[in-house]
Each structure stands twice: as C-alpha cells, then as structure tokens.
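Examination of the molecular architecture
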Amino acid sequence: MLKSLMLARAAEALEKEKVDRQNDKQNFMVEHVPEMSLSGVNLQKLMELCREMHTKSEQVDEERYDIEYKVLKSNKEIEDLNQKIFDLKGKFKRPQLKRVRMSADAMLRALLGSKHKVSMDLRANLKSVKKEDSDKEKHAEVGDWRKNIEAMSGMEGRKKRFDTANQ
C-alpha cells in the first residue's frame with residue numbers, strides 16, 4: 001500500500017516537473033524572442049530580418065560551443081583529480097585477468113602484427129640423436145664402470161691411506 005502511494009506521488013511530481021519545464025521554455029521564448037508580424041513587410045526588410053536571425057544563430061552556436069568546451073575541460077579535470085585521489089589513497093582495483101590459450105604462432109602474430117607470417121617449428125632446432133650411438137655409449141660406459149669400480153669411486157686411494165694408517 002505504501003509502495004503504491006509512493007509511486008503515485010512520484011508520478012505526480014514528474015508530471016508537475018514536466019509542466020514546469022514547458023512553462024519555463026515558453027517564458028524564455030517570450031522574453032528573448034520578440035514576436036514577428038510579416039504582413040505588409042517588403043523584401044528589403046525581410047532580408048534584413050534574415051541576416052539578423054543568421055547572426056544571432058551564429059552567436060548562439062559560438063556560445064554553445066564555448067560552453068561545451070568548458071564542460072569537457074572541467075570533466076577532464078574532474079577525472080584527473082579523481083585519479084590523483086585514487087593514487088594518493090593507494091587503492092587500485094586490479095582487473096581479473098583471464099587465461100588465454102594461444103599457440104606460439106598466434107602469439108607471435110599478436111606481437112609482430114598480422115603482416116608477419118611466422119610459422120614456428122619448435123622441433124626444427126632440436127638436436128637429432130641416433131639410437132645406435134646412444135646404445136653403444138651406454139654399453140661402453142657399463143663395461144668401463146664394472147672394470148674400474150675402485151677407480152671410479154675413489155676407493156683405491158682410500159684403501160692405501162687406510163692400509164698405511166694401520167701399519
């Protein structure tokens with residue numbers, strides 16, 4: 001019930017505001033624009049009247065342009081001051097970053113621009129290894145390791161020190 005009463009009251013206020021605006025427009029037009037009677041006016045006076053209207057419209061356009069420029073300038077100053085306030089407070093809203101899955105080619109195209117057609121073959125720079133060579137090296141290392149266990153581990157030198165210390 002209360003809500004419907006508030007809405008009805010608000011609707012009445014809006015209607016009244018609309019009527020007030022219309023009356024203000026009419027009052028302004030009556031004050032600033034004199035009524036013209038074109039009956040019995042010769043061509044010369046009509047041309048003068050057109051020139052006057054043209055100069056007045058140019059003046060109004062200039063004023064409108066100046067006011068728009070001042071408004072834009074003040075809006076820019078307000079934005080700059082708001083930014084300074086945020087800087088001084090140290091409160092920054094960091095946007096949440098979304099993960100984007102891109103291939104290497106797409107990433108390079110994004111960085112270098114669409115003019116560069118780059119196809120990146122990641123396997124081209126890899127070293128090729130022959131399977132036979134690696135198997136022979138493993139067998140050779142295994143054979144050397146079994147033959148020279150003491151030399152590889154350094155036990156030969158330790159045994160000599162141990163033996164000389166016991167004597």
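Residues numbered from 1 in each chain as written. Predicted model: local features only at pLDDT ≥ 70, side-chain atom pairs only at ≥ 80, totals over all residues. Heavy atoms only, no water.

When helices and strands are counted, the protein shows 6 helices and 0 strands. Scanning the protein from its N terminus toward the C terminus, one meets helices and strands in the order α-α-α-α-α-α. Counting the 167 residues in the protein, one finds 0% classified as buried. Entry remark: accessible area of the protein is about 17600 Å², with carbon and sulfur atoms responsible for 56%. (Helix = DSSP H or I, 4+ residues; strand = E, 2+ residues; numbered from the N terminus. Buried < 20%, exposed > 50% of the residue type's maximum accessible area, 1.4 Å probe, protein only. Areas by Shrake-Rupley, 256 points an atom, 1.4 Å probe, with all protein chains shown as cover.)

Below, the discussion takes up the pattern of salt bridges. Under the definition given, this model contains 4 salt bridges. For the salt bridge of Asp-61 with Arg-64, the shortest nitrogen-to-oxygen distance reads 3.8 Å. Taken as a pair, Asp-61 and Arg-64 lie in helix H2 (residues 43-89) at a separation of 3 residues, close to a single helical turn. What makes Asp-61 partly exposed here is its relative accessible area of 40%. The partner of Glu-68 in a salt bridge is Arg-64, and the shortest N-O contact between them spans 3.1 Å. Of this pair, Glu-68 and Arg-64 both sit in helix H2, 4 residues apart, which is roughly one turn of the helix. Given the relative accessible area of 38%, Glu-68 is considered partly exposed. Shared partners join several salt bridges into a network, and the residues in it are Asp-61, Arg-64 and Glu-68. (Salt bridge = Lys/Arg side-chain N within 4 Å of Asp/Glu carboxyl O.)

Once that is clear, we can look at the layout of surface pockets. The volume enclosed by the largest pocket comes to roughly 410 Å³. Lining the largest pocket, in full, are Phe-28, His-32, Val-33, Pro-34, Met-36, Leu-49, Glu-52, Met-53, Lys-56, Ser-57 and Val-60. Considering each element in turn, the lining of the largest pocket owes the most residues, 6 residues, to H2. Within the lining of the largest pocket, the residues separate by chemical class into 7 nonpolar, 2 polar and 2 charged. (1 Å grid on protein atoms, 1.4 Å probe; cavity = no way out; pocket = protein on both sides within 12 Å on 5 of 7 lines; lining within 4 Å. Points joined across faces, edges and corners; volume = space filled by probe spheres on them. Nonpolar A, V, L, I, M, F, W, Y, C, P; charged D, E, K, R; others polar.)

On the surface, a cluster of negative charge is made up of Glu-58, Glu-62, Glu-63 and Asp-66. Of note, Asp-66 is situated in helix H2. Asp-66 gets classed as partly exposed once you look at its relative accessible area, which sits at 44%. (Patch = residues over 30% accessible without salt bridge, like charges linked within 9 Å, V, L, I, M, F, W, Y side chains within 5 Å. Lys, Arg positive; Asp, Glu negative; His and termini not counted. Charge placed at Lys NZ, Arg CZ, Asp CG, Glu CD.)

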